[in-house]
Amino acid sequence: MRLDKASCGNLSESGWPAEQCVISDHDRKILRGLAQQLKALAERPIEEEKAKLWIAHNGLQQTRPVILADPENGWNEIFPWEKTIQCEGEMAGDWEMWLRKEICWAENIKDDKPITAQFCLPYCATDSKWGIHEERIGDFEHGGAYVWKSPLAEMDEDEFENCDLASLIKTPVITVDWEASNKAFEIAQDVFDGLLTVVRRHKWWWSPDLSLSYSNLRGMENMMCDFYDFPDKVHEMMRLFTDGYKAKFKYLEDNGLLYDNSKDCYIGSGGIGYTDELNPADPSHVLLREMWGFNEAQETSEVSPDMVGEFLIPYQIELADLFGLNYYGCCEGLDRRWEHVKKLPRLRRVSVSQWADIPKMSDMLQSDYVFAHKVSPTDIAVPQIDEGYIRGRLHELLAHCKANNNCVELIMKDNHTLANRPQNLYRWVEIAREEIARVYG
């Protein structure tokens, strides 16, 4: 069973080996037909209006709330591979899925994601990450549940306290297969000639995931205890992760492998990056300081604010300082740790999740930050959605946020399922628009 490979707003983190870089006449015809549809949609005046809306919104201007709906695993229910994908080649099938998603955003989802006449292509590349990794047990490659076995979890106390972590945790090494990457790029330029601009956009990282990396290598329960039992080892590991990410970022920057995420690009844990405050001087060689940065620590949701402030925030400040504007948070509730989080430099966007005290976050953020609200995906994960319940929750939220002049966006994501009813998502967007109109006029 094949699944959609792109995530985070249709970003891919793996390209295709040279032997798969082939497009048949049959597949070319299908891809060009979809590209023509996408081009026509991208040329609609509303797409430019949506881009301007995001620029104003990310600039903390008072606009109506914006809406972004990324169904994530739900894409595999909207476009089940065996029933939908017509292309026969491996690479062509992935390209077809990518194009169909963009068209669906415009024709069916109808949120505020701007549609552009572009085709985004990843590199064929590998990332060595930390040199050691967890063993995943389960059918995770096909969307199933899994558990993991952490390589440092079985150490006894003396062994862990005395181990040389620097000999175990290595700096990530990026290796690009330029032959395959260039071959795919040239084929894409030929296939989409006259229709779409081909750009390279590779998901090199999502967040500098300090707490996830720690829990993967040491185990969740151990991580919770290590903050108290082995504070020096926690700092030692966080320093290795931080330096490793800084080295990785520098390599990507020095080698021109970063992409401009200040325009029609999904950023952080949800949202579109359009802003007029970053503006890369050379789009072919983007600098970190010309990009949005992102940090989170959702694995520490039940860790005390002061421990987060001691063991994570200082390192995240160091990483955030590399970027021009910053976004913080994912699923973790930030109301209890806001005094620490707000220390990040050039912080602009803040995640307000279902685990936060949402009214309190509204009161704290006011109009000083983007209020990036993650609505509950469970509302549309059932065969029959409760429209009255959805409408009531949205109305209450929007009314409170309007009173505080919050710069609101509603983000529907983390959808493990749409109950095989894509119309749940489409209807949710309609309801959100209706409630925005009721509250904001």
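Definitions and cut-offs
Residues numbered from 1 in each chain as written. Predicted model: local features only at pLDDT ≥ 70, side-chain atom pairs only at ≥ 80, totals over all residues. Heavy atoms only, no water. Helix = DSSP H or I, 4+ residues; strand = E, 2+ residues; numbered from the N terminus. Rg over C-alpha atoms; globule rule 2.2 N^0.38 Å. Buried < 20%, exposed > 50% of the residue type's maximum accessible area, 1.4 Å probe, protein only. Contact = heavy atoms within 4.5 Å. Areas by Shrake-Rupley, 256 points an atom, 1.4 Å probe, with all protein chains shown as cover. Lys, Arg positive; Asp, Glu negative; His and termini not counted. Charge placed at Lys NZ, Arg CZ, Asp CG, Glu CD. Disulfide = S-S within 2.5 Å. Axes fitted to C-alpha atoms, helices over the stretch in contact; angles between N-to-C directions. Parallel < 35°, antiparallel > 145°, perpendicular 65-115°, else oblique. Left-handed = near helix turned anticlockwise from the far one by under 90°. Nonpolar A, V, L, I, M, F, W, Y, C, P; charged D, E, K, R; others polar. Core = buried A, V, L, I, M, F, W, Y, C linked by side-chain atoms within 4.5 Å. Pairing = 2+ DSSP bridges. Arc of directions from axis to C-beta. Polar contact = N/O pair within 3.5 Å; in protein donor to acceptor, adjacent residues only side chain to side chain. Salt bridge = Lys/Arg side-chain N within 4 Å of Asp/Glu carboxyl O. Patch = residues over 30% accessible without salt bridge, like charges linked within 9 Å, V, L, I, M, F, W, Y side chains within 5 Å. Phe/Tyr/Trp six-rings, centres within 6.5 Å; stacked < 30°, edge-to-face > 60°. Lys NZ or Arg CZ within 6 Å of the ring centre and 35° of its normal.

Caption draft 1: Quick look at the overall build of the protein. For the protein, the count of helices and strands is 16 helices and 12 strands. A compact globule built from 441 residues would reach a C-alpha radius of gyration of about 22 Å, and the protein, at 22 Å, matches this within 12%. Each principal axis of the C-alpha atoms in the protein carries an extent, and together these give about 65 × 55 × 45 Å. For the protein, with 441 residues in total, the buried portion stands at 56%. Expressed as a percentage of contacts within the protein between residues at least 6 apart in sequence, the contacts between residues at least 24 apart total 76%. By element, 49% of the accessible surface of the protein is carried by carbon and sulfur atoms, the whole surface being about 18,800 Å². Across the protein, the 48 positively charged side chains and the 75 negatively charged ones have centroids separated by 6 Å.

Caption draft 2: Expanded view of the state of the cysteines. Enumeration according to the criterion identifies 0 disulfides in this entry. In this structure Cys104 is not part of a disulfide, and its nearest cysteine sulfur, from Cys120, lies 17 Å away. Free of any disulfide, Cys124 has its nearest cysteine sulfur in Cys21, 7.1 Å distant.

Caption draft 3: Highlighting the packing of helix α8 (residues 210-218) against helix α10 (residues 231-254). Between α8 and α10, whose axes approach to 10 Å, the crossing angle comes to 120°. Of the possible angle classes, the one that applies to α8 and α10 is oblique. Viewed along their axes, α8 and α10 form a crossing whose handedness is right-handed. Contacts from Leu210, Ser213, Tyr214 and Leu217 in α8 reach Val234, Met237, Met238, Phe241 and Thr242 in α10. For the contact of α8 with α10, the residue count by class is 7 nonpolar, 2 polar and no charged.

Caption draft 4: A look at the nonpolar core. Of all hydrophobic cores here, the largest spans 118 residues; its most connected members are Trp95, Phe192, Trp205, Leu410 and Trp428. No other element matches helix α5 (residues 90-109), which puts 11 residues into this core. The residues contacting Trp95, other than those within four sequence positions of it, are Trp16, Ile23, Leu31, Phe119, Leu121, Ala184, Ile187, Ala188 and Phe192. Counting 9 residues, the second-largest nonpolar core is a separate cluster that includes Ala51, Tyr266, Ile272 and Tyr274.

Caption draft 5: Local environment of the sheet that holds strand β1 (residues 66-69). Pairing in this open sheet of 6 strands is parallel, and the strands run β1-β12-β11-β10-β9-β8 from one edge to the other. The strands lining the two open edges of the sheet, one partner per strand, are β1 and β8 (292-295). Here the average twist between neighbouring strands, direction ignored, is 20°. Pairing between β1 and strand β12 (residues 407-412): 4 bridges, direction parallel. Residue pairing across strands places Leu68 opposite Ile411, the latter belonging to β12.

Caption draft 6: Main features of helix α14 (residues 358-365). Taken as a whole, α14 has its buried residues at Ile358, Met361, Ser362 and Leu365. The arc enclosing the buried residues of α14, seen along the axis, measures out at 105°, which places them on a common side. Considering only its buried residues, α14 is in contact with α13 (338-341), β10 (347-352), β11 (370-374) and α15 (387-403). Of the residues flanking the start of α14, the one acting as N-cap is Asp357, its side-chain oxygen 3.1 Å from the backbone nitrogen of Lys360. Phi turns positive, to about 50°, at Gln366, one or two residues after α14.

Caption draft 7: Fine view of the pairing of strand β9 (residues 325-328). Here β9 shows two buried faces, one formed by Leu325 and Tyr327 and the other by Asn326 and Tyr328. Where β8 meets β9, 4 bridges bridge the pair, whose relative direction is parallel. Considered in β9, the bridge of Phe294 is made with Tyr327. The pairing of β9 with β10 spans 3 bridges and is classified as parallel. Following the sheet pairing, Tyr327 is matched in β10 by Arg349.

Caption draft 8: Inspection of the pattern of salt bridges at higher detail. On inspection of all chains with the given rule, the structure shows 35 salt bridges. The partner of Lys413 in a salt bridge is Glu72, with the nearest N and O atoms 3.8 Å apart. One end of the pair, Lys413, is in the loop between β12 and α16 (422-440); the other, Glu72, is in the loop between β1 and α3 (75-78), and 341 residues separate them in sequence. On the accessibility criterion, Lys413 (5% relative accessible area) is buried. With a shortest N-O distance of 3.0 Å, Glu387 and Arg427 are connected by a salt bridge. Here Arg427 lies in helix α16 and Glu387 lies in helix α15, a separation of 40 residues in the sequence.

Caption draft 9: Focus on a nonpolar patch on the surface. On the surface, a nonpolar cluster with roughly 260 Å² of combined accessible area is contributed by Phe140, Tyr146 and Trp148. Counting through the fold element by element, Phe140 comes out in the loop between β4 (135-138) and β5 (146-149).

Caption draft 10: A look at the packing of aromatic side chains. Enumeration over the complete set of coordinates arrives at 20 aromatic pairs. Taken together, a centroid distance of 5.9 Å and an interplanar angle of 40° make the contact between Trp95 and Phe192 tilted. A residue pair is termed long-range when its members are at least 10 positions apart, and Trp95 in helix α5 and Phe192 in the loop between α7 (178-191) and β7 (197-200) qualify at 97 residues. Considered together, Trp95 and Phe192 belong to a single accessibility category, that of buried residues. Among the aromatic side chains, those forming a connected cluster through ring pairs are Trp130, Trp205, Phe241, Tyr245, Phe249 and Phe323. Between the NZ or CZ atom of Lys113 and the centre of the ring of Trp105, over which it lies, the distance is 4.6 Å. In this structure, Lys402 is placed above the aromatic ring of Tyr440, and the distance from its NZ or CZ to the ring centre is 5.8 Å.

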